[in-house]
Amino acid sequence: MKKMKKNNMKVKKQILHNCLDKAKSFYKLGDKDKARDYCDMGIAWVAEKRIEGYGAKDTIEDVRVELWLERFWMFLENKNLML
């Protein structure tokens, strides 16, 4: 079985940047449900990558996995969007 080189895993699309940007935009527009949904999508996408073998220190879109999760969770908490 071939071992993955985790630190250089690249994702072609800027999915997580888009999710966070959309969450911020919808929050500014007053649509808290859509803002929460985009954060949830980002968290779920990162969770799927973790299942595939990404570690907390690996990068997606040039940002560490652990930092992505922190960004989404902090946005949810700071904007009182937690359910």
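Everything numeric in this text was worked out from a predicted model, so none of it was measured. The residue numbers shown here count from 1 along each chain, following its written sequence. Where totals are concerned, whole chains, interfaces and linings use all residues; where local detail is concerned, this predicted model gives features only for residues with pLDDT of at least 70, and gives and counts side-chain atom pairs only at 80 or more. Side-chain numbers here rest on the full set of heavy atoms in the structure, without hydrogens or water.

Explain the pattern of salt bridges here, please?
Working definition: two side chains of opposite charge can pair if their charged atoms are close together. The salt bridge definition used is simple: a Lys or Arg side-chain nitrogen within 4 Å of an Asp or Glu carboxyl oxygen. Going through the model one piece at a time under the given rule, you end up with four salt bridges. K57 is paired through a salt bridge with E66; the nearest N and O atoms lie 2.9 Å apart. The residue E66 makes a salt bridge to R64 at a minimum N-O spacing of 2.8 Å. Working definition: with a 1.4 Å probe on protein chains only, accessible area under 20% of the residue-type maximum means buried, over 50% means exposed, and in between means partly exposed. Given the relative accessible area of 37%, R64 is considered partly exposed. Sharing partners across several salt bridges, the network here consists of K57, R64 and E66.

Would you take a moment to explain the packing of aromatic side chains for this structure?
When we look at a pair of aromatic rings, we describe it by the centre distance and by the angle of the planes. Pairs were defined over the aromatic rings of Phe, Tyr and Trp, the Trp ring being its six-membered one, requiring ring centres within 6.5 Å. Orientation was assigned from the angle between planes: stacked under 30 degrees, edge-to-face over 60, tilted for the rest. Applying the stated criterion to the full structure yields three aromatic pairs. Ring centres of F26 and Y38 lie 5.7 Å apart, and the angle between their planes is 10 degrees; on these two criteria the pair is classed as stacked. Here F26 is found in helix 1 (residues 15-28), whereas its partner Y38 is found in helix 2 (residues 32-51), with twelve residues between them in sequence. Overall, the relative accessible area of 21% leaves Y38 in the partly exposed class. Remark: a charge is flagged as sitting over a ring if the NZ atom of Lys or the CZ atom of Arg is within 6 Å of the ring centre and within 35 degrees of the ring normal. Directly above the ring of W68 sits R71, whose terminal nitrogen or CZ lies 5.0 Å from the centroid. Strands are runs of DSSP state E lasting at least 2 residues, helices are runs of H or I lasting at least 4, and numbering of each runs from the N terminus.

Which parts of the structure should I look at to understand helix 2?
Residues spaced three or four apart along an α-helix point in a common direction, a consequence of the helix completing one turn every 3.6 residues. In this model, helix 2 (20 residues) spans 29 Å end to end at C-alpha, consistent with the 28 Å of a helix rising 1.5 Å per residue. Among all positions in helix 2, only A35, R36, C39, G42, I43, V46 and K49 are buried. For helix 2, the angular spread of buried residues about the axis comes to 150 degrees, placing them on one side. Turning to helix 2, the residues buried within the fold contact helix 1, strand 1 (59-60) and helix 3 (65-78). A positive backbone phi angle near 120 degrees is found at G53, which sits one or two residues after helix 2. By this rule, a helix spans an expected 1.5 Å times one less than how many residues it contains. For this quantity, the arc is that covered by the directions from the helix axis to the C-beta atoms. In what follows, a contact means two residues having at least one pair of non-hydrogen atoms within 4.5 Å.

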